[in-house]
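Survey of secondary and tertiary structure
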Amino acid sequence: MMRVVVIEDDEDLAMGLRANLEVEEFGVSTYSSGEAALADVIADPPDVVVLDLMLPGIDGFEVLRRLRAAGVETPVLLLSARSQELDKVRGFRVGADDYVTKPFGVMELMLRVRALARRASPRASVHDSETIVLGDAIIDMVNRTVRRDKEEVPLSPRAFGLFKALLEHRDKVVSRHDLLRKVWQYDASVTTRTIDAHIVELRRKIERDQSNPRHILTVRNIGYRLRP
């Protein structure tokens, strides 16, 4: 059974998260402060940590910093009532893997936790999942849609094919030549400019800031890389 540690000082919220995670068949431990959780998480890292930023004593940023300094690589999902971009940037720089702003939808949070758990498991492969979470975008691999901010938009067949090809080689560079072979089977009418146009579509639907993408990265003169 995969384990989740919830560090949240709001008792009602912590118990609600625990109940929903247990329905999803996770083993759950809850802590009301960072100090109480740190030693246990460092000694026996779980599969996922759900960490509130506004904690008594040391805040979530400091908890995360200490976990990473201690060599804990467990995926961490930050919870915060603060939606400012600077807080999100700071969280990711300290070592967060995901960031959810309160109030949030429980089902979406469960999807994000499960996606992080799959990433952490050596037995699981991210493209085996029916849903992929990239930042605040949730990609439904069955229905070929992207959902962000409660809005759902479809992916065109070619854009979805590009996403799958990048996903199969996640965190590795895929050349435009290979993308042409995988997605278009060397269609003579297709040029690298066509690939670039579909990458623009993917970024528009997946990335929060298209001018500064975090997940679909350009590798100059070669191709693209999908960063989970």
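Structure's up top.
Throughout what follows, the structure given in this document is the object of discussion. Nothing here was measured: the structure is a model prediction, and the numbers come from that model.

Regarding the overall build of the chain
Within the chain, the secondary structure is distributed over eight helices and 12 strands. Taken over C-alpha atoms, the radius of gyration comes to 19 Å for the chain, in line with the 17 Å a tight globule of 228 residues would show. Along the longest, intermediate and shortest principal axes, the C-alpha atoms of the chain span 60 × 30 × 30 Å. Put simply, the chain has 228 residues, and 45% of those count as buried. Pairs at least 24 apart in sequence give 56% of the contacts found in the chain among residues at least 6 apart. As presented, the chain carries roughly 11800 Å² of accessible surface, and 47% of it is formed by carbon and sulfur atoms. Charge separation in the chain, taken as the distance between the mean sites of 35 positive and 36 negative side-chain charges, equals 8 Å.

A word on the sheet that holds strand β11 (residues 216-219)
Within a beta sheet, neighbouring strands are joined by backbone hydrogen bonds and run either parallel or antiparallel to one another. Taken in spatial order, the three strands make up an open sheet running β10-β12-β11, and their pairing is antiparallel. Only two strands of the sheet have a single neighbouring strand rather than two, namely β10 (173-175) and β11. Between one strand and the next, the sheet's axes are offset by a mean angle of 35°, whatever the strand orientation. Pairing between β10 and strand β12 (residues 223-226): three bridges, direction antiparallel. Of the residues in β12, the one forming a bridge with S175 is G223.

Some remarks on the packing of aromatic side chains
Going through the model one piece at a time under the given rule, you end up with zero aromatic pairs. When the ring centre of F61 is taken as reference, the NZ or CZ atom of R90 above it lies at 3.9 Å. The side chain of R214 reaches across the aromatic face of F92, ending 4.1 Å from its centre.

Considering the pattern of salt bridges
For the structure shown, the criterion picks out 15 salt bridges. For E62, the salt bridge is made with R66, and the minimal N-O distance between the two is 2.8 Å. Of the two residues, E62 and R66 are both situated in helix α3 (residues 60-69); the distance of four residues between them amounts to about one turn of the helix. With a relative accessible area of 36%, R66 lands in the partly exposed category. A salt bridge links D136 to R148, with the shortest nitrogen-to-oxygen separation between them at 3.1 Å. Placement of D136 in the loop between β6 (131-134) and β7 (137-140) and of R148 in strand β8 (residues 145-148) is noted, with a sequence separation of 12 residues between them. Taken together, the shared-partner salt bridges connect E8, D52 and K102 into one network.

Quick notes on the packing of helix α2 (residues 34-43) against α3
Where α2 contacts α3, the axes come no closer than 10 Å and their chain directions differ by 20°. Taken together, the axis directions place α2 and α3 in an arrangement best described as roughly parallel. Judged by the twist between their axes, the crossing of α2 over α3 is right-handed. For the pair formed by α2 and α3, the contact residues are G34, L38, V41 and I42 on the first element and V63, R66 and L67 on the second. The residue makeup of the contact of α2 with α3, split by class, is five nonpolar, one polar and one charged.

Description of the packing of helix α7 (residues 176-184) against helix α8 (residues 192-206)
Two numbers describe how α7 lies on α8: the axes approach to 10 Å, and their chain directions differ by 80°. The orientation of α7 with respect to α8, classified from their angle, is roughly perpendicular. Where α7 approaches α8, its residues R176, L179, L180 and W184 are matched on the opposing element by T192, T194, I195, D196 and H198. Classifying every residue of the contact of α7 with α8 by side-chain character gives four nonpolar, three polar and two charged.

Concerning the environment of P154
Position of P154 among the secondary structure elements: in strand β9 (residues 151-154). Since its relative accessible area comes to 55%, P154 is described here as exposed. For the pair P154 and Y224, spaced 70 residues apart in sequence, the C-alpha to C-alpha distance is 22 Å. What P154 contacts, discounting residues up to four positions off in sequence, is R144, T145 and K205.

What counts and what doesn't
- Residues numbered from 1 in each chain as written.
- Predicted model: local features only at pLDDT ≥ 70, side-chain atom pairs only at ≥ 80, totals over all residues.
- Heavy atoms only, no water.
- Helix = DSSP H or I, 4+ residues; strand = E, 2+ residues; numbered from the N terminus.
- Rg over C-alpha atoms; globule rule 2.2 N^0.38 Å.
- Buried < 20%, exposed > 50% of the residue type's maximum accessible area, 1.4 Å probe, protein only.
- Contact = heavy atoms within 4.5 Å.
- Areas by Shrake-Rupley, 256 points an atom, 1.4 Å probe, with all protein chains shown as cover.
- Lys, Arg positive; Asp, Glu negative; His and termini not counted.
- Charge placed at Lys NZ, Arg CZ, Asp CG, Glu CD.
- Pairing = 2+ DSSP bridges.
- Axes fitted to C-alpha atoms, helices over the stretch in contact; angles between N-to-C directions.
- Phe/Tyr/Trp six-rings, centres within 6.5 Å; stacked < 30°, edge-to-face > 60°.
- Lys NZ or Arg CZ within 6 Å of the ring centre and 35° of its normal.
- Salt bridge = Lys/Arg side-chain N within 4 Å of Asp/Glu carboxyl O.
- Parallel < 35°, antiparallel > 145°, perpendicular 65-115°, else oblique.
- Left-handed = near helix turned anticlockwise from the far one by under 90°.
- Nonpolar A, V, L, I, M, F, W, Y, C, P; charged D, E, K, R; others polar.

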